[in-house]
Amino acid sequence: MTVLALPRLAATGPRLDVDLDAVAANTALLARRATGELMAVVKADGFGHGAAAVARTALSHGATRLGVTSLAEALALRADGLTAPVLSWLNPVDADLASAVVHDVEIAVPSRAHLDALAPGTAVHLHLDTGLARDGAAPAEWADLCRAARLAERRGRIRVVGLMGHLACADVPGDPGNAMGRARFAWGLETARACGLRPVHRHLAATAATLTDPLSHHTMSRVGAGLVGIDPSGTTRLHPALTLTAPLVSVRRVHAGTPVGYGHTWVAPHPTELGLVPLGYADGLPRAASGRAEVLVRGRRRPLVGRISMDMAVVDLGAEGAEAGDEVTVLGPGRHGEPTAAEWAAWSDTLEHEVVTGLGLRTPRTGR
Ligand SMILES: *Cc1c(COP(=O)(O)O)cnc(C)c1O
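Keep in mind the model is a prediction, meaning the values are calculated, not measured.

**What to know about the confidence of the model for the protein**
The pLDDT averaged across the protein works out to 96; a share of 96% of its residues lies at or above 70. The low-confidence segment residues 5-10, where pLDDT is below 50, has eight contacts with residues more than four positions distant or belonging to other chains.

Right under this line is the structure:
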């Protein structure tokens, strides 16, 4: 980490610190739990932590492959110098699929139309819908897709290197949806086999199932959330990797009865000091957390008061006060009493995933 020693106010704005040692430890744990290979999923800019940095760290601590949503994300990894195998699983049929071959990106195929749109030489993972009715091939179309893919393979047009599914309910380990998803995937593998396909990669599990459901592991696990310290199954202690801080821009003293922020949703119940935090919902602080969220100032939890605005939020500093320039910790692993992504998620009625992916659109990141 490079931190320049500049004057406090001039030097620092909001900052996201990514703890790559945490990513390394999480990857190593997931690699031990997975019975097969580990694919590091670094979509959405590595869940807001920086795709290239998370990818590099994961690859040197047990991951062997990378996974992303769009082809554009895969090409960005190539442009950043990553040479590991990359799979992209969500593309429209008119995507620039020739570039997938040029840049050695494997493509997931959910339909005949997608299969027909591939450029010659593509390495393919056939994608079966195993229970979300979302992005894989419907079971009714699976046998037809397998036959067509096998034919294309025999003609030398493509190579089928993988079969994939995705579980709908893996965050609830005992949910019957998991057994159903596993069974449908097993049927999908059988069907593909009967069509003559022999792909080396067969993958169903993401983070939650990697941690709780060995029957779903097959030859590979695709983990994203776990790399950055989120365990959707709530069973395993991982290391959160993100810390968001900002300096107080200003501090003001207000009288009892002073209304604060848009809509005057909070009125100072007694004389107090208010600090201005230069982060708002455009920086990823969920507005829905207004009235509940807290931050850490000078080692103490302080409430954000009034509505979170687009670019700023107000913290009630109480009688102890603080000074302009003092660092506020908005979110972190929780080791020093700061709020965690899980708390922000609870305050705004969402998932940690949504909180961390929303941060960092305009906040510079530093890595360590
Ligand atoms: C996001 C995603 C993953 C990773 O899931 P996590 O729960 O974040 O580990 C795996 N597979 C697919 C298809 C995904 O979209």
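From this point, the discussion proceeds with the structure in view.
**A few points about the sheet that holds strand β6 (residues 122-127)**
Pairing is parallel in the closed barrel, where eight strands are placed in the order β2-β3-β4-β5-β6-β7-β8-β9. Strand after strand, the sheet turns through a mean of 30° between neighbouring axes, direction not considered. Alignment of strand β2 (residues 37-41) against strand β9 (residues 220-223), held across four bridges, turns out to be parallel. By the bridge assignment, methionine 39 is partnered in β9 with arginine 222.

**Let's talk about the pairing of strand β7 (residues 158-164)**
Burial of β7 is extensive: six of the seven residues sit out of reach of the surface. Pairing of β6 with β7 involves six bridges; the strand directions are parallel. Within β7, the position partnered with histidine 125 by the bridge is glycine 162. Traced from β6 through helix α8 (residues 139-154) to β7, the parallel crossover comes out right-handed. The pairing of β7 with strand β8 (residues 201-205) spans three bridges and is classified as parallel. Residue pairing in the sheet places leucine 163 in a bridge with arginine 202 of β8.

**With respect to the packing of aromatic side chains**
Enumeration according to the criterion identifies one aromatic pair in this entry. Look at tryptophan 344 and tryptophan 347: their rings are 5.3 Å apart centre to centre, the planes differ by 75°, and that puts the pair in the edge-to-face class. Taken together, the positions of tryptophan 344 and tryptophan 347, both in helix α11 (residues 341-347) and three residues apart, correspond to about one turn of that helix. Across the pair, exposure class does not vary: tryptophan 344 and tryptophan 347 are buried alike. Over the face of the ring belonging to tryptophan 89 we find arginine 222, whose NZ or CZ atom lies 5.9 Å from the ring centre.

**Observations concerning the pattern of salt bridges**
Summed over all chains, the structure comprises 18 salt bridges. The salt bridge involving arginine 362 is made with aspartate 283; its shortest N-O contact spans 2.6 Å. Taken together, the residues span a long stretch of sequence, with arginine 362 in the loop between α12 (352-358) and β19 (365-367) and aspartate 283 in the loop between β14 (272-277) and β15 (294-297) at a distance of 79 residues. Arginine 362 gets classed as partly exposed once you look at its relative accessible area, which sits at 46%. We classify aspartate 283 as buried; its relative accessible area is 5%. Measuring nitrogen to oxygen at the nearest pair gives 2.8 Å for the salt bridge that ties glutamate 343 to arginine 301. Linking glutamate 343 in helix α11 with arginine 301 in strand β16 (residues 300-305), this pair joins segments that are 42 residues apart in sequence. By relative accessible area, which is 25% here, glutamate 343 ends up partly exposed. Beyond isolated ion pairs, a larger network of salt bridges with shared partners links Glu37, Arg65 and Glu106.

**Details of the packing of α8 against helix α9 (residues 176-194)**
Running from N to C, α8 and α9 point in directions that differ by 25°, and their axes come no closer than 9 Å. By the angle between their directions, the pair α8 and α9 is classed as roughly parallel. Crossing of α8 over α9 shows right-handed handedness. Each of Pro139, Trp142, Ala143 and Cys146 in α8 lies in contact with α9, whose residues at this interface are Arg184, Trp187, Gly188, Thr191 and Ala192. Residue composition of the contact of α8 with α9, by class: six nonpolar, two polar and one charged.

**Some thoughts on the site of the ligand**
Surveying the vicinity of the ligand reveals the residues Val41, Lys43, Phe47, Trp89, His166, Ala206, Thr207, Arg222, Val223, Gly224 and Ala225. Within the backbone of glycine 224, one N or O atom sits 2.8 Å away from an oxygen atom of the ligand. With respect to the ligand, the backbone of alanine 225 contributes an N or O atom lying 2.8 Å from an oxygen atom. Out of a free accessible area of 380 Å², the ligand has 90% covered by protein chains. Of all the secondary-structure elements, those providing two or more residues to the shell around the ligand are α3 (43-48) and β9.

Rules used in this analysis
Residues numbered from 1 in each chain as written. Predicted model: local features only at pLDDT ≥ 70, side-chain atom pairs only at ≥ 80, totals over all residues. Heavy atoms only, no water. pLDDT = per-residue confidence, 0-100. Contact = heavy atoms within 4.5 Å. Pairing = 2+ DSSP bridges. Helix = DSSP H or I, 4+ residues; strand = E, 2+ residues; numbered from the N terminus. Axes fitted to C-alpha atoms, helices over the stretch in contact; angles between N-to-C directions. Buried < 20%, exposed > 50% of the residue type's maximum accessible area, 1.4 Å probe, protein only. Right-handed = clockwise from strand over helix to strand, strands pointing away. Phe/Tyr/Trp six-rings, centres within 6.5 Å; stacked < 30°, edge-to-face > 60°. Lys NZ or Arg CZ within 6 Å of the ring centre and 35° of its normal. Salt bridge = Lys/Arg side-chain N within 4 Å of Asp/Glu carboxyl O. Parallel < 35°, antiparallel > 145°, perpendicular 65-115°, else oblique. Left-handed = near helix turned anticlockwise from the far one by under 90°. Nonpolar A, V, L, I, M, F, W, Y, C, P; charged D, E, K, R; others polar. Near = heavy atom within 4 Å. Polar contact = N/O pair within 3.5 Å; in protein donor to acceptor, adjacent residues only side chain to side chain. Areas by Shrake-Rupley, 256 points an atom, 1.4 Å probe, with all protein chains shown as cover.

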